[in-house]
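# An overview of the molecular structure
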Amino acid sequence: MTLATGQRVRVLEGPSVGHVRTPAYVKGKQGTIAGVWGSYGNPETLAFGGDGQPARPLYYVGFRQTDLWPDYAGPATDTVYLDLYEHWLEEA
Amino acid sequence: MSDGHGHDHGHDHDHGHDHDHDEPVEGALPAAALRTRAIESLLVEKGVLTAEAVARGVDWLVSRTPTNGARIVARAWVDPAYKQRLLADAKVAAGELGIDAAQSVTVVALENTAAVHHLVVCTLCSCYPRALLGPPPAWYKSNAYRSRAVVEPRAVMAEFGTELPAEVEVRVVDSTADIRYIVVPRRPAGTDGWSEEQLAAIVTRDSLVGVVQPVAGEPVAV
Amino acid sequence: MPLIHDRGGLPDDRPIDRAEHELEDWELTADALMQALTGGGVMTVDELRRGVESMERWRYEHASYYDRWITSIEKVLVEKGVLNGAEIDRRVAELGA
């Protein structure tokens, strides 16, 4: 799977066990790929003495605030962007 | 648990108070200082590290200041071609000014415009472009900032005195991986004809994170 | 139950404490130790983070930033067998005497 800029994605709801860099507040939420950073060592194994291989594609993913927080107080156009690894994303 | 010994602050009293209002004073724990010294001396004694390597780390850290970031922004304000190179690869652009950002894997510059205002946070820990800006401010590492910035960024910015119109998209950027972000704030009105040095002097540390915007004020003598 | 470090959006009504904190010598040392340990391939930044994340909640909430770091550095180094807890305790006692 390689995701492209502009594609809609959903963040997986996997449990945060071990060392995970996907924050709880985006799990299960839908966003849009805004950029592709290339591949980076996998923190989930690097955190336990592993070598981080195979490296994982990393994406810049944008979310509408109102999709993350139902009672978001600001304008509907406000957003949150994060860096998420491919194995936490599925096509939406 | 390795953290179960050597610390004598009130376990029983504190237990379970997840949102206590007494955020610790940075550096207030002599126990942690002592353990740091003990671990340092043992690592050097065993040859795991050299004292020189530790000293180099301290030198590196104190050599990094927001002044570096301010120089980069000021150059981007006066030189559109440089700004394009900065937005394309911030490490290379920093290198042009003699600033070595090698310790960061990837650095990305986020340009604030009339339409989009970036605010950087690390909700999971305290990721920060240390190679360019030095150690993060204490507020950036605080539990309150990390909790609130992604859910009420406008309220957080208001505490710093920053109010943005509703038509500006506030874009919070949560540094969750190996990318380090530096904000390129908007050049304030009233700075026409200023030198690069004068411009750099109004680019504050907090404006490079996006909680404030530079203001012209009086031109700074150089 | 969210993990202790995963703070985005947690209810928090505290104003941001904007007081400046100049790093103390031991804090600079703790930072430099981590730089040297990663530079020397002894431990990774992700191991540092994982160690911080495994702190007991009450400790995490109340520990200062570099207290979290040195707590994690100690945990990971002991885990790897680079140091052992007893010798660290002895050295702490000597230095604190």
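Look above for the structure.
The structure reproduced in this document is the subject of the present report.

### What to know about the overall build of chain B
Each helix and strand in chain B was counted, giving 11 helices and 4 strands. Considering only residue pairs separated by 6 or more positions, chain B has 68% of its internal contacts joining residues 24 or more positions apart. Accessible surface, chain B: about 8,900 Å² in total, of which carbon and sulfur atoms supply 53%.

### Points about the pairing of strand β2 (residues 30-40) of chain A
All names here are of chain A. Bridge analysis of strand β1 (residues 8-11) against β2 gives 3 bridges, and the strand direction is antiparallel. Among the inter-strand pairings, valine 9 is bridged to a residue of β2, identified as glycine 31. Strand direction decides the pairing type here: β2 and strand β3 (residues 56-64), joined by 7 bridges, are antiparallel. Bridge pairing links tyrosine 40 to arginine 56 in β3.

### Structural notes on the layout of surface pockets
The gaps left among the atoms become clear once a water-sized probe is rolled over them. Taken as a whole, the largest pocket spans an internal volume of roughly 880 Å³. Along the walls of the largest pocket sit 37 residues, with Arg130 and Arg180 of chain B together with Val45, Arg49 and Trp69 of chain C positioned nearest its centre. Going through the elements one at a time, α1 (43-46) of chain A, α7 (130-133) of chain B together with α1 (25-39), α2 (45-53) and α4 (65-79) of chain C are the ones with two or more residues in the lining of the largest pocket. Among the elements that make up the lining of the largest pocket, the one with the highest residue count is α2 of chain C (6 residues). Residues that form the lining of the largest pocket fall into these classes: 19 nonpolar, 8 polar and 10 charged. Computed from the structure, the second largest pocket encloses a volume of approximately 320 Å³. For the lining of the second largest pocket, the secondary structure elements donating two or more residues are α3 (51-63) and α8 (138-141) of chain B. Per-class residue counts for the lining of the second largest pocket are 10 nonpolar, 3 polar and 5 charged.

Reading guide: rules and limits
Residues numbered from 1 in each chain as written. Chains lettered and ligands numbered in written order. Predicted model: local features only at pLDDT ≥ 70, side-chain atom pairs only at ≥ 80, totals over all residues. Heavy atoms only, no water. Helix = DSSP H or I, 4+ residues; strand = E, 2+ residues; numbered from the N terminus. Contact = heavy atoms within 4.5 Å. Areas by Shrake-Rupley, 256 points an atom, 1.4 Å probe, with all protein chains shown as cover. Pairing = 2+ DSSP bridges. 1 Å grid on protein atoms, 1.4 Å probe; cavity = no way out; pocket = protein on both sides within 12 Å on 5 of 7 lines; lining within 4 Å. Points joined across faces, edges and corners; volume = space filled by probe spheres on them. Nonpolar A, V, L, I, M, F, W, Y, C, P; charged D, E, K, R; others polar.

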